[in-house]
Amino acid sequence: MNETASDTLKIGIACAIAVHCFGLIFFTSPKYETEDVPLNVIVKLETSTAATSPSGESIGMESLSENNLTEKKIADKKREIYLQYLEDVSLCIHARRFLVPDSARLIGIALYKIQVDANGVFTHTSLYKSSGSSKLDEAALYAVKACSGLVKRPHSTGVEPMNIYQEVRYQYKLK
């Protein structure tokens, strides 16, 4: 081969490698979607309802003194009980997702705002964020209503009605 052909071949190979690298970097990198981030429960909790003392007075985190570890331990325990209650409600609802016929074929997430009374009865339920499918939203609402009163609300969460936000997830053939 003469020098010109050799140089042309080297330039051609270098260009091919550069184009392939460019393609690999910019066309095959995974795109991060915010909808892929798992989100189980949205909790909107005011400090006055986060914990109550045995006398019924609220214990907010800002009212705890550094020296009073007993009140802090009580507040932490009550918060733990509250979060366990939210988990129990979620498990109850998700166990009843497939009560509606053909709901096993649904895919999506509906977010409901649920008002819970002192006994654990859901007094008001509203669709906070639709899944985009009316069938899924209706099946999720049925599952939410089926759990009303089944999970007893802990006394430490107070007696005032409280709002919780619960996602109901559907994935094809996933129970």
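For clarity, every value in this text was computed on a predicted model and none was experimentally measured.

Before going further, it helps to spend a moment on the state of the cysteines. The full count for this structure, using the stated rule, is 1 disulfide. Between Cys92 and Cys147 runs a disulfide, and the two sulfur atoms are separated by 2.3 Å. Measuring the twist about the S-S bond at about -110°, one finds the Cys92-Cys147 disulfide to be left-handed. One end of the pair, Cys92, is in helix α3 (residues 69-95); the other, Cys147, is in the loop between α4 (134-146) and β4 (162-170), and 55 residues separate them in sequence. Considered together, Cys92 and Cys147 belong to a single accessibility category, that of buried residues.

Before going further, it helps to spend a moment on the confidence of the model for the protein chain. Reading predicted coordinates in detail is not appropriate for stretches of low pLDDT. A residue-level look at the protein chain finds 70% of positions with pLDDT of 70 or above and a mean pLDDT of 78. In the predicted structure, residues 32-39 sits below a pLDDT of 50 and forms 5 contacts with residues beyond four places in sequence or in another chain.

A few words now on the pairing of strand β3 (residues 122-129). Relative to β3, strand β2 (residues 108-116) is paired through 6 bridges, and the arrangement is antiparallel. Residue Tyr112 lies in a different strand from β3, and its bridge partner there is Leu127. Adjacent in sequence and paired antiparallel, β2 and β3 are bridged by 5 residues, among which Gly120 carries a positive phi angle near 90°.

On the surface, Leu9, Ile13 and Ile17 cluster together into a nonpolar patch covering about 280 Å² of accessible area. Structurally, Ile13 can be placed in helix α1 (residues 3-27). The exposure class assigned to Ile13 is partly exposed, which follows from its relative accessible area of 47%.

Turning our eyes to something else, we now look at the nonpolar core. Of all hydrophobic cores here, the largest spans 23 residues; its most connected members are Tyr85, Ile93, Ile114, Phe122 and Ile164. Residue assignment for this core shows that the elements contributing at least two residues are α3, β2, α4 and β4. Broken down by element, the residue count for this core peaks at 6 residues, all from α3.

The next point concerns the packing of aromatic side chains. Under the criterion given, the structure shown has 2 aromatic pairs. Aromatic pair Phe98 and Tyr170: ring centres 5.8 Å apart, planes at 90°, arrangement edge-to-face. Taken together, the positions of Phe98 in the loop between α3 and β2 and Tyr170 in strand β4 put the pair 72 residues apart, joining distant regions of the chain. Taking relative accessible area as the criterion, Phe98 reaches 23% and is therefore assigned partly exposed. The class of Tyr170 is buried, set by a relative accessible area of 1%. Here the aromatic rings of Tyr128 and Tyr165 are separated by 4.9 Å at their centres, their planes lie at 80°, and the arrangement is edge-to-face. With Tyr128 in strand β3 and Tyr165 in strand β4, the pair connects residues that are 37 residues apart, well separated along the chain. With a relative accessible area of 44%, Tyr128 lands in the partly exposed category.

Conventions and cut-offs
- Residues numbered from 1 in each chain as written.
- Predicted model: local features only at pLDDT ≥ 70, side-chain atom pairs only at ≥ 80, totals over all residues.
- Heavy atoms only, no water.
- Disulfide = S-S within 2.5 Å.
- Helix = DSSP H or I, 4+ residues; strand = E, 2+ residues; numbered from the N terminus.
- Buried < 20%, exposed > 50% of the residue type's maximum accessible area, 1.4 Å probe, protein only.
- pLDDT = per-residue confidence, 0-100.
- Contact = heavy atoms within 4.5 Å.
- Pairing = 2+ DSSP bridges.
- Patch = residues over 30% accessible without salt bridge, like charges linked within 9 Å, V, L, I, M, F, W, Y side chains within 5 Å.
- Areas by Shrake-Rupley, 256 points an atom, 1.4 Å probe, with all protein chains shown as cover.
- Salt bridge = Lys/Arg side-chain N within 4 Å of Asp/Glu carboxyl O.
- Core = buried A, V, L, I, M, F, W, Y, C linked by side-chain atoms within 4.5 Å.
- Phe/Tyr/Trp six-rings, centres within 6.5 Å; stacked < 30°, edge-to-face > 60°.

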